[in-house]
Amino acid sequence: MARILVFAGSARRDSLNKKLARAATQFAREAGAEATFVDLDDYPIPLYHGDLEAASGMPANARKLRELFLAHDGLLIASPENNSSMTALLKNTIDWLSRDLGEGRGQDSGLAPWRGKVAGLMAASPGAFGGVRALPHLRQVLATLGVTVLGTQVAVPRADTVFAADGSLADERAAKSVRALAQALADAAGRLGG
């Protein structure tokens, strides 16, 4: 069974992308995956700084996140769009988790949490483009780290209108797209992880 880690690149409590990630977690479970939702706001880490890393090493919360990444076959990421790119939170998380531990070989390599993983990308925005402009940047960064990123991605425009009060996707078109992405990721991660 594929293990998929689902998260949003937002710290906001009522983030549309967190809602999207939570809905996608359920779809991934329905697709037969063992899906774990993680809130990056529960793992606060300082802005990456080489001097801080040299003095103190990787922060404890970054190490905890790194272990979660290592334990999963796939990543399902809901990325908000900030100025046509990914958020500082998401980029900072990636930057810390890609740092070498110890001698940087095997599981200590900064590539270990990424290499061999498969990822599905999605975005939600109240705007007309649904956050799609951030996804090529995220795709490029993940591919550089050795992640296989699915060609299909999902952008949910006018996302402030698509969720029901319980957080589920009330918009059938959006739900169908996210369900299909979750299924494709579960299938791909199952092949890679199996």
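Refer to the preceding data block for the structure.
Please read all numbers here as calculations on a predicted model, not as lab measurements. (Residues numbered from 1 in each chain as written. Predicted model: local features only at pLDDT ≥ 70, side-chain atom pairs only at ≥ 80, totals over all residues. Heavy atoms only, no water.)

Peer 1: Please clarify how the side chain of Asp39 should be interpreted in this entry.
Peer 2: By the secondary structure assignment, Asp39 is in the loop between β2 (34–37) and α2 (50–56). With relative accessibility at 14%, the residue Asp39 sits in the buried group. (Helix = DSSP H or I, 4+ residues; strand = E, 2+ residues; numbered from the N terminus. Buried < 20%, exposed > 50% of the residue type's maximum accessible area, 1.4 Å probe, protein only.)

Peer 1: Got a minute to help me understand the sheet that holds strand β3 (residues 74–78) in this structure?
Peer 2: Neighbouring strands of a sheet are bound in pairs by backbone hydrogen bonds; such pairs are parallel or else antiparallel. Taking strand neighbours across the sheet as the criterion, the five strands line up as β2-β1-β3-β4-β5 in an open arrangement whose pairing is parallel. Strands at the two margins of the open sheet, each flanked by one partner only, are β2 and β5 (148–156). For this sheet, the mean inter-axis angle between neighbouring strands, taken without regard to orientation, is 20°. (Pairing = 2+ DSSP bridges. Axes fitted to C-alpha atoms, helices over the stretch in contact; angles between N-to-C directions.)

Peer 1: Hey, could you run me through the pattern of salt bridges in this one?
Peer 2: Opposite charge on two side chains permits them to pair, given that their charged atoms come into close proximity. Overall, the coordinates contain six salt bridges when judged by the stated rule. Lys18 is the salt-bridge partner of Asp39, the closest N and O atoms lying 2.9 Å from each other. Of this pair, Asp39 sits in the loop between β2 and α2 while Lys18 sits in helix α1 (residues 16–30), placing them 21 residues apart in sequence. Take Lys18: its relative accessible area is 2%, and that puts it in the buried class. Measuring nitrogen to oxygen at the nearest pair gives 2.7 Å for the salt bridge that ties Lys91 to Asp95. Taken together, the residues span about one helical turn, with Lys91 and Asp95 both in helix α4 (residues 88–97) at a distance of four residues. (Salt bridge = Lys/Arg side-chain N within 4 Å of Asp/Glu carboxyl O.)

Peer 1: Any chance you could explain the pairing of strand β4 (residues 118–124) here in plain terms?
Peer 2: Successive residues of a regular strand alternate their side chains across the two faces of the sheet. With seven of seven residues buried, β4 is to be regarded as a mostly interior element. The parallel pair β3 and β4, bridged by α4, forms a crossover whose chirality is right-handed. As judged from the six bridges shared by β4 and β5, these two strands associate in the parallel manner. Within β5, the position partnered with Met122 by the bridge is Val154. In the classification by handedness, the crossover that spans β4, the intervening helix α5 (residues 135–144) and the parallel β5 is right-handed. (Right-handed = clockwise from strand over helix to strand, strands pointing away.)

Peer 1: Sorry if this is basic, but what is going on with the packing of helix α3 (residues 60–70) against α4 here?
Peer 2: Pairs of packed helices are described in terms of their axes, by the angle between the two and the distance that separates them. Where α3 contacts α4, the two axes come as close as 10 Å, and the packing angle between them is 80°. When the interaxial angle is binned, α3 and α4 end up roughly perpendicular. Contact with α3, carried on its side by Ala62, Leu65, Arg66 and Phe69, involves Thr93, Trp96 and Leu97 of α4 and no other residues of that element. A per-class count over the contact of α3 with α4 returns five nonpolar, one polar and one charged. (Parallel < 35°, antiparallel > 145°, perpendicular 65-115°, else oblique. Contact = heavy atoms within 4.5 Å. Nonpolar A, V, L, I, M, F, W, Y, C, P; charged D, E, K, R; others polar.)

Peer 1: Just to check I follow, could you spell out the packing of aromatic side chains for this structure?
Peer 2: To describe a pair of aromatic rings, you give the distance between the ring centres and the angle between the ring planes. Scanning all chains against the criterion turns up three aromatic pairs. With centroids separated by 5.5 Å and ring planes inclined at 50°, the aromatic side chains of Phe7 and Phe69 adopt a geometry described as tilted. Here Phe7 is found in strand β1 (residues 3–8), whereas its partner Phe69 is found in helix α3, with 62 residues between them in sequence. Of the two residues, Phe7 and Phe69, neither departs from the other in class, the shared state being buried. Residue class for Phe69 comes out buried when judged on its relative accessible area of 1%. (Phe/Tyr/Trp six-rings, centres within 6.5 Å; stacked < 30°, edge-to-face > 60°.)

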